[in-house]
Amino acid sequence: MESIFEKRLTVTPDYCDASGALSPLAAFTIFQGIAAQHAEVLGVGSSAMAKKGEFWLTVHTRVDLFERAYLMDELTVRTWAEACSERDVRTYRSYTLSRGEAVIARGKTEWAILGPEQKIIRFGDSGFPKDYPFPAETAIPEKLQRFHEKFEDADLFSHYAVRPTDIDLGHHMNNVAYVRRAQEAAPGLFRGLEVVYDRECFRGALLTLEHAADADAQYVRGVLESGEESFRMRFFGAEAAQ
């Protein structure tokens with residue numbers, strides 16, 4: 001069993017922004033995809049988990065983009081589960097995206113496992129292979145940020161009703177769909193993004209999107225009709241339009 005899962009991919013038009021370059025959203029999408037593929041290889045993909053009444057939860061993800069990749073570039077994407085103890089209820093997964101020998105993007109996801117009784121279960125109680133050789137490395141050594149305080153003076157951007165096309169096989173809003181909605185509220189090009197998922201959104205839910213900014217980043221959050229936060233996002237590393 002290999003500790004690091006990797007595959008080659010080509011930057012096709014669906015991964016490009018208006019400048020013809022790979023965007024942080026595209027890197028986020030690529031990382032989500034390879035995580036799902038690695039889980040399948042390890043025998044803990046969505047279908048296998050569902051049979052036991054378990055479900056993967058993405059809690060928090062960050063993506064840093066160092067260099068732009070362009071249309072038809074050949075890239076290598078890698079992912080691995082970070083070391084944890086069997087008692088942990090939240091663990092991490094790392095990602096890198098490379099062009100040749102150069103790492104052009106990195107990512108990190110905090111995740112948990114929802115059990116049959118709709119409660120978070122310990123990692124050791126899941127079906128994750130006991131003999132998985134955890135690598136010692138991490139793609140992003142820095143602590144992930146929560147940035148609750150950034151929304152104290154947030155402005156209303158828009159309201160959004162969750163559509164059927166936003167829903168995935170977990171019957172809630174897909175992780176990428178949250179990012180797409182938030183990106184509409186944060187104009188400009190960025191080198192990185194970070195998203196915290198607080199509460200699920202289901203079909204027909206009404207989200208209020210709020211926007212705030214400081215010298216370092218732009219922030220977007222989605223608030224449910226109950227007044228509870230559904231998600232929070234940070235877009236950082238602004239760059240000039242091309």
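Residues numbered from 1 in each chain as written. Predicted model: local features only at pLDDT ≥ 70, side-chain atom pairs only at ≥ 80, totals over all residues. Heavy atoms only, no water.

**With respect to the overall build of the protein chain**
When helices and strands are tallied, the protein chain shows three helices and ten strands. Going from N to C terminus, the protein chain has its helices and strands arranged as β-α-α-β-β-β-β-β-α-β-β-β-β. Taken against the 2.2 N^0.38 rule, which gives 18 Å for 242 residues, the C-alpha radius of gyration of the protein chain at 18 Å falls within 12% of a compact globule. Seen through its principal axes, the protein chain has C-alpha atoms that stretch 50 × 45 × 30 Å. (Helix = DSSP H or I, 4+ residues; strand = E, 2+ residues; numbered from the N terminus. Rg over C-alpha atoms; globule rule 2.2 N^0.38 Å.)

**What about the sheet that holds strand 10 (residues 229–239)?**
Strand pairing in a sheet relies on backbone hydrogen bonds. The paired strands run either parallel or antiparallel. The sheet built from ten strands is open, its strands ordered 1-3-4-5-2-7-10-9-8-6 with antiparallel pairing. Of all strands in the sheet, those bounded by a partner on one side alone are strand 1 (5–10) and strand 6 (155–161). Each strand of the sheet is rotated relative to its neighbour by a mean of 20°, with strand direction disregarded. The sheet contact formed by strand 2 (residues 55–65) and strand 5 (residues 102–114) spans ten bridges and is antiparallel. Residue Phe-55 lies in a different strand from strand 5, and its bridge partner there is Leu-114. (Pairing = 2+ DSSP bridges. Axes fitted to C-alpha atoms, helices over the stretch in contact; angles between N-to-C directions.)

**A word on the nonpolar core**
Leu-22 and Phe-31 are the most contacted members of the largest nonpolar core, which has 44 residues in total. The element contributing the most residues to this core is helix 1 (residues 24–41), with eight residues. Residues in contact with Leu-22, not counting those within four places in the same chain, are Val-11, Tyr-15, Ile-30, Leu-65, Arg-68, Ala-69, Leu-75 and Leu-97. (Core = buried A, V, L, I, M, F, W, Y, C linked by side-chain atoms within 4.5 Å. Buried < 20%, exposed > 50% of the residue type's maximum accessible area, 1.4 Å probe, protein only. Contact = heavy atoms within 4.5 Å.)

**Considering the layout of surface pockets**
If you add up the space inside the largest pocket, you get close to 960 Å³. Lining the largest pocket are 42 residues, and of these Phe-55, Trp-56, Leu-57, Thr-58 and Asn-175 sit closest to its centre. Elements that contribute at least two residues to the lining of the largest pocket include exactly helix 1, helix 2 (46–51), strand 2, strand 4 (91–99), strand 5, helix 3 (175–185), strand 7 (189–197) and strand 10. Sort the elements by how many residues they give to the lining of the largest pocket and helix 1 lands first, with seven residues. (1 Å grid on protein atoms, 1.4 Å probe; cavity = no way out; pocket = protein on both sides within 12 Å on 5 of 7 lines; lining within 4 Å. Points joined across faces, edges and corners; volume = space filled by probe spheres on them.)

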